[in-house]
Structures are given as structure tokens and as C-alpha cells.
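Each chain is listed here by its residues.
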Amino acid sequence: MLPDLSLIAPALPSLMPNQIKLQVNGETRTCLPQSRLPELLEQLGYNPRLVAVEYNGEILHRQFWSETKIQAGDRLEVVTIVGGG
């Protein structure tokens, strides 16, 4: 007989390092504090070369991405650039 894993599952989030919460396209996500924007985008599965980012209500120019550190409560809107005809 297998053990009841529901007793273990609630403890799992506490095993995560001190993660912070943020909003990405309206969904709550987590990441490590002080993560830089390009790293976060890659962790979320985006190709940073093919997206535009709104950061806390403002379009964030690509030249500032590498110096942008994610803070708890940040709100990101990530738009993927799609080509074609």
C-alpha cells in the first residue's frame, strides 16, 4: 500500500527557497528575489528576442531589461511577436 502523499504535499512549498510572487499576464507566478528580467522570461519559456514587455504598467525598453530586477508584487504583461502573412 502506498503512503498518503496528501500529508506530504502541503510541506513542499516550504522547501522552496525564499521565492517572491508576481503577476505575469494576469497569472500569479513565483521566482527568486532579484531575478533579472531576461532570466525570468527564459524560465517562463519565452524567447526574450521575440517578446515585448510591459513592466508595472509601462512599456520597458529592451535596453533596460538586463538591469531590471524583479521585485515582489511586480506586474508583467508579456506579448509574443508573431510573424507571418
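Look a little higher up for the structure.
The notes below deal with the structure included here.

Attention now moves to the environment of leucine 60. Of note, leucine 60 is situated in the loop between β4 (58-59) and β5 (75-80). Considered as a pair, leucine 60 and leucine 76 are 16 residues apart in the sequence and their alpha carbons are 9.9 Å apart. Setting aside residues up to four positions removed in sequence, leucine 60 forms contacts with Leu37, Val53, Tyr55, Trp65 and Thr68.

Now for the sheet that holds strand β1 (residues 20-24). Strands belonging to one sheet form pairs held by backbone hydrogen bonds; the direction of such a pair is parallel or antiparallel. Taken in spatial order, the five strands line up as β2-β1-β5-β3-β4 in an open sheet, and their pairing is mixed. Edge positions in the open sheet fall to β2 (27-31) and β4, since each of these has one partner strand only. Of the strand pairs in this sheet, strand β3 (residues 51-55) and β4 are connected by two bridges, and their pairing is antiparallel. Paired with tyrosine 55 across the strands is glutamate 58, a residue of β4.

We now examine the packing of aromatic side chains. Tallied over the entire structure, the rule returns zero aromatic pairs. Its end group placed over the ring of tryptophan 65, arginine 62 keeps NZ or CZ at 4.4 Å from the ring centre.

The subject of this paragraph is the environment of proline 38. Its place among the elements puts proline 38 in helix α1 (residues 37-43). The partly exposed category is assigned to proline 38, whose relative accessible area is 23%. Sequence separation of proline 38 and serine 66 is 28 residues, and the distance between their C-alpha atoms is 6.3 Å. Not counting chain neighbours up to four residues away, the residues in contact with proline 38 comprise Pro48, Trp65 and Ser66.

This part is about the nonpolar core. Formed by 15 residues in total, the largest nonpolar core has its most connected members in Leu22, Leu37, Leu41, Val53, Trp65, Ile70 and Leu76. For this core, the secondary-structure elements that each account for two or more residues are β1, α1, β3 and β5.

Along the chain, the position of serine 35 falls in the loop between β2 and α1. Side-chain polar atoms of serine 35 contact the backbone oxygen of leucine 32, separated by 2.7 Å. Apart from residues lying up to four places away in sequence, serine 35 is in contact with Thr68, Lys69 and Ile70.

Backbone geometry places glutamine 34, a non-glycine residue, at a positive phi of 65 degrees. On the secondary structure map, glutamine 34 appears in the loop between β2 and α1. Accessibility expressed as a relative area gives 41% for glutamine 34, which makes it partly exposed. Here the phi dihedral of asparagine 56 falls at roughly 50 degrees; this positive angle occurs in a residue that is not glycine. By the secondary structure assignment, asparagine 56 is in the loop between β3 and β4. Assessed through its relative accessible area of 29%, asparagine 56 is described here as partly exposed.

Conventions we followed
Residues numbered from 1 in each chain as written. Predicted model: local features only at pLDDT ≥ 70, side-chain atom pairs only at ≥ 80, totals over all residues. Heavy atoms only, no water. Helix = DSSP H or I, 4+ residues; strand = E, 2+ residues; numbered from the N terminus. Contact = heavy atoms within 4.5 Å. Pairing = 2+ DSSP bridges. Phe/Tyr/Trp six-rings, centres within 6.5 Å; stacked < 30°, edge-to-face > 60°. Lys NZ or Arg CZ within 6 Å of the ring centre and 35° of its normal. Buried < 20%, exposed > 50% of the residue type's maximum accessible area, 1.4 Å probe, protein only. Core = buried A, V, L, I, M, F, W, Y, C linked by side-chain atoms within 4.5 Å. Polar contact = N/O pair within 3.5 Å; in protein donor to acceptor, adjacent residues only side chain to side chain.

By themselves, these observations are geometric and do not establish any function.
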